[in-house]
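Letter by letter, the chains look like this.
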Amino acid sequence: MKEASEEKLVSVSNLVTVLENSRTPEAAPRGHRLEDTHHHPECRPPKSPGPWEKLNVGEAMGSEPRTVSRRYLNSLKNKLSSGAWRKSCQPVTLSGSGMQEPEKIVQELLETEQAYVARLHLLDQVFFQELLRAARRSKAFPEDVVRVIFSNISSIYQFHSQFFLPELQRRLDDWTANPRIGDVIQKLAPFLKMYSEYVKNFERAAELLATWTEKSPLFQEVLTRIQSSEASGSLTLQHHMLEPVQRIPRYELLLKEYIQKLPAQAPDQADAQKALDMIFSAAQHSNAAITEMERLQDLWEVYQRLGLEDDIVDPSNTLLREGPVFKISFRRNDPMERYLFLFNNMLLYCVPRVIQVGAQFQVRTRIDVAGMKVRELMDAEFPHSFLVSGKQRSLELHARSQEEMISWMQAFQAAIDQIEKRNETFKAAAQGPEGDTQEQELQSEELGLRAPQWVRDKMVTMCMRCQEPFNALTRRRHHCRACGYVVCARCSDYRAELKYNDNRPNRVCLHCYTFLTGNGNALPEAKEDKRRGILEKGSSATPDQSLMCSFLQLIGDKWGKSGPRGWCVIPRDDPLVLYVYAAPQDMRAHTSIPLLGYQVTAGPQGDPRVFQLQQSGQLYTFKAETEELKGRWVKAMERAASGCSPSWPNDGDLSD
């Protein structure tokens with residue numbers, strides 16, 4: 001017993017040494033050492049090139065991208081994880097007098113291992129060696145292609161033929177004295193993880209096999225000759241290459257049955273169960289390799305659609321979500337369709353190419369997830385819209401439905417949360433839809449550090465700094481690159497370096513210039529001393545700043561040049577006054593109406609959406625977009641006209 005134990009330990013030690021030596025990059029070339037094995041039987045065949053060795057197969061595979069089928073990967077996954085696969089591998093009951101059930105199962109394990117080693121011999125010593133010799137003699141197809149097709153099959157063959165099979169044979173021969181198998185499999189099972197490299201390479205191997213069978217007559221001739229031989233059993237090389245993938249589930253199945261047949265107090269019970277867990281881990285390791293290969297394949301397809309730009313291609317990225325959305329323009333009225341690729345570390349904002357030769361999309365903006373914030377926008381004109389605010393740029397996006405908007409926001413928030421967990425110095429990210437959703441301006445400490453949300457042109461009719469009205473000739477609209485306000489040329493005639501734009505000088509308004517440069521002398525004294533007018537009250541465009549706000553159609557000559565529609569607001573800090581603005585973001589109202597004492601009446605017959613304010617000959621007529629909106633406005637105005645305070649009970653949220 002002691003000698004057998006020492007012999008077993010020596011064999012395992014030899015296995016570790018051989019496998020470690022076969023991973024040495026400086027080892028002799030694989031082809032040369034394989035030839036040597038024919039003259040020196042004692043020499044073990046080395047491991048095939050691992051992932052650390054560069055294989056020049058680019059020219060062999062061709063420069064044009066090939067469409068890769070998912071059939072092999074899906075098939076392999078099913079074989080490794082589904083119950084249906086295991087049902088197809090039910091063991092054959094052995095008949096034999098004098099053998100207990102556990103010993104019969106070990107006998108079956110040994111016999112199937114012998115058959116499996118014979119199949120590995122066919123793959124490594126026949127198929128692989130014959131193709132390699134043909135490639136060397138004729139140069140009709142590259143040797144590197146042959147090596148890639150067979151991956152690390154030599155290591156797998158070496159492991160099973162020189163270590164695993166002899167260990168099983170010795171244990172069965174000594175079964176009467178030592179009836180256990182769990183300890184043997186425990187010591188050898190960790191090496192089964194080498195199968196993950198073979199499985200990971202399987203689809204590429206199948207692709208190369210199909211390509212060169214069609215491309216090279218000599219390649220096809222060698223395969224046909226071997227496949228028609230008695231040793232191959234008239235089966236194809238593809239069939240034989242599936243054998244290593246099927247072997248690990250077979251071990252798992254036989255070990256399960258072995259444990260079931262063991263007596264409750266059998267000495268091998270604990271070791272066998274532990275061995276089963278290790279076999280299961282090896283199967284999972286192969287399955288994880290398939291999953292990783294699928295991820296890389298998906299990533300490569302995305303990079304091809306984006307044109308394989310150097311600053312984007314990174315195998316460590318993970319694609320979280322992609323799809324079309326609408327971009328709300330700050331100049332145009334209609335949203336523009338765009339396409340987003342959200343990775344774990346960046347967002348790519350893209351536009352489809354008109355001529356889709358090669359790349360399908362052009363990357364307009366790359367926004368880092370680190371420092372990103374996302375929140376829902378309360379926009380009556382564009383429902384289901386949300387803001388993505390990053391250091392490089394802020395995007396107002398519009399989804400087709402509420403569900404699509406929520407799905408996008410959850411994907412963004414998941415990416416942000418993941419970055420937070422990895423980066424200890426990262427500050428708190430956006431609080432989500434329930435958090436600080438009404439933050440309209442950058443905090444002063446963030447000014448210049450991240451791209452602002454630009455105020456849309458149509459949301460203002462006057463400069464947001466000096467309150468002078470815009471016109472098409474003498475006072476045109478400009479955007480401050482620091483705060484995003486719409487300002488006139490005079491108020492934005494300054495330049496300051498912004499960190500989010502690589503410290504390049506950008507056009508900024510006077511207020512931001514003073515803050516960013518610390519140059520207080522730039523502020524004109526006359527502006528600072530000017531008293532604030534009664535109409536110079538910024539529009540309260542959000543529910544937390546107003547009791548009621550929405551667009552109303554303004555009817556009649558009473559409104560003069562203000563236009564057919566106005567943004568009407570009853571502020572929370574001035575609840576008895578109605579302010580009418582030309583646009584939601586205007587800093588000054590063109591009309592204010594003290595509501596105290598006014599009567600709210602229905603409008604002329606024929607349109608239930610019209611209502612009027614009337615007092616001492618003053619008459620203002622409004623028209624809401626819906627009857628429901630009209631009802632809320634009438635209720636709010638009646639309360640203000642009667643002098644009700646917003647702090648009274650039963651005051652609900654009336655804002656739109």
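Predicted model, so just to flag it, every value in this text is computed and none were measured. (Residues numbered from 1 in each chain as written. Predicted model: local features only at pLDDT ≥ 70, side-chain atom pairs only at ≥ 80, totals over all residues. Heavy atoms only, no water.)

Enquirer: Report on the sheet that holds strand β2 (residues 336-343), specifying residues and quantitative values.
Expert: Strand order in this open sheet of seven strands is β4-β3-β2-β1-β7-β6-β5, and the pairing throughout is antiparallel. Of all the strands in the sheet, just β4 (361-368) and β5 (373-376) have a single pairing partner and so form its edges. On average, adjacent strands in this sheet sit at an angle of 30° to one another, irrespective of strand direction. Sheet topology note: the strand β1 (residues 319-327)/strand β7 (residues 394-398) ladder contains two bridges and is antiparallel. Note on β7: the bridge partner recorded for K327 is L397. (Pairing = 2+ DSSP bridges. Helix = DSSP H or I, 4+ residues; strand = E, 2+ residues; numbered from the N terminus. Axes fitted to C-alpha atoms, helices over the stretch in contact; angles between N-to-C directions.)

Enquirer: Describe the sheet that holds strand β17 (residues 610-615), naming the residues involved and giving the relevant values.
Expert: Read across the open sheet, the seven strands follow the order β15-β14-β13-β12-β18-β17-β16; overall the sheet is antiparallel. The sheet is open, and its two borders are formed by β15 (591-594) and β16 (599-602), each paired with just one other strand. Direction aside, the axes of adjacent strands within the sheet are offset by 35° on average. Summarising the sheet, β17 and strand β18 (residues 618-623) pair through six bridges and their orientation is antiparallel. Across the sheet, residue V610 finds its bridge partner in β18, namely K623. Each of β12 (546-555), β13 (565-571), β14 (577-581), β16, β17 and β18 is contacted by helix α18 (residues 627-641), which is oriented at about 115° to β12, the strand it contacts most. (Contact = heavy atoms within 4.5 Å.)

Enquirer: Quick one: what's the story with the packing of helix α10 (residues 195-215) against helix α13 (residues 243-261), residue by residue and with numbers?
Expert: One way to put it is that α10 packs onto α13 with a least axis distance of 10 Å and a crossing angle of 135°. One element, α10, and the other, α13, form an angle in the oblique class. Relative to α13, α10 is oriented so that their crossing is left-handed. Together, Y195, Y198 and V199 of α10 and P244, V245, R247 and I248 of α13 make up the contact between the two elements. Here the residues of the contact of α10 with α13 are counted per class, giving six nonpolar, no polar and one charged. (Parallel < 35°, antiparallel > 145°, perpendicular 65-115°, else oblique. Left-handed = near helix turned anticlockwise from the far one by under 90°. Nonpolar A, V, L, I, M, F, W, Y, C, P; charged D, E, K, R; others polar.)

Enquirer: I'd love a proper account of the packing of aromatic side chains, names of residues and values included.
Expert: Under the definition given, this model contains 17 aromatic pairs. Between the aromatic rings of Y303 and F343, the centroid separation amounts to 6.3 Å while the plane-to-plane angle is 25°, which identifies the pairing as stacked. Separated by 40 residues along the polypeptide, Y303 in helix α14 (residues 269-305) and F343 in strand β2 bring together distant segments of the chain. Summarising the burial analysis for this pair, Y303 and F343 share the class buried. When the ring of F341 is compared with that of F361, the centres are 5.5 Å apart and the planes differ by 80°; the resulting orientation is edge-to-face. Note that F341 is positioned in strand β2 and F361 in strand β4, a separation of 20 residues in sequence. Each member of the pair, F341 as well as F361, carries the same accessibility label: buried. Sitting over the ring of W408, R321 keeps its end group 4.3 Å from the ring centre. Above the plane of the ring of F551 lies R565, whose end atom (NZ or CZ) is 3.7 Å from the centre. (Phe/Tyr/Trp six-rings, centres within 6.5 Å; stacked < 30°, edge-to-face > 60°. Buried < 20%, exposed > 50% of the residue type's maximum accessible area, 1.4 Å probe, protein only. Lys NZ or Arg CZ within 6 Å of the ring centre and 35° of its normal.)

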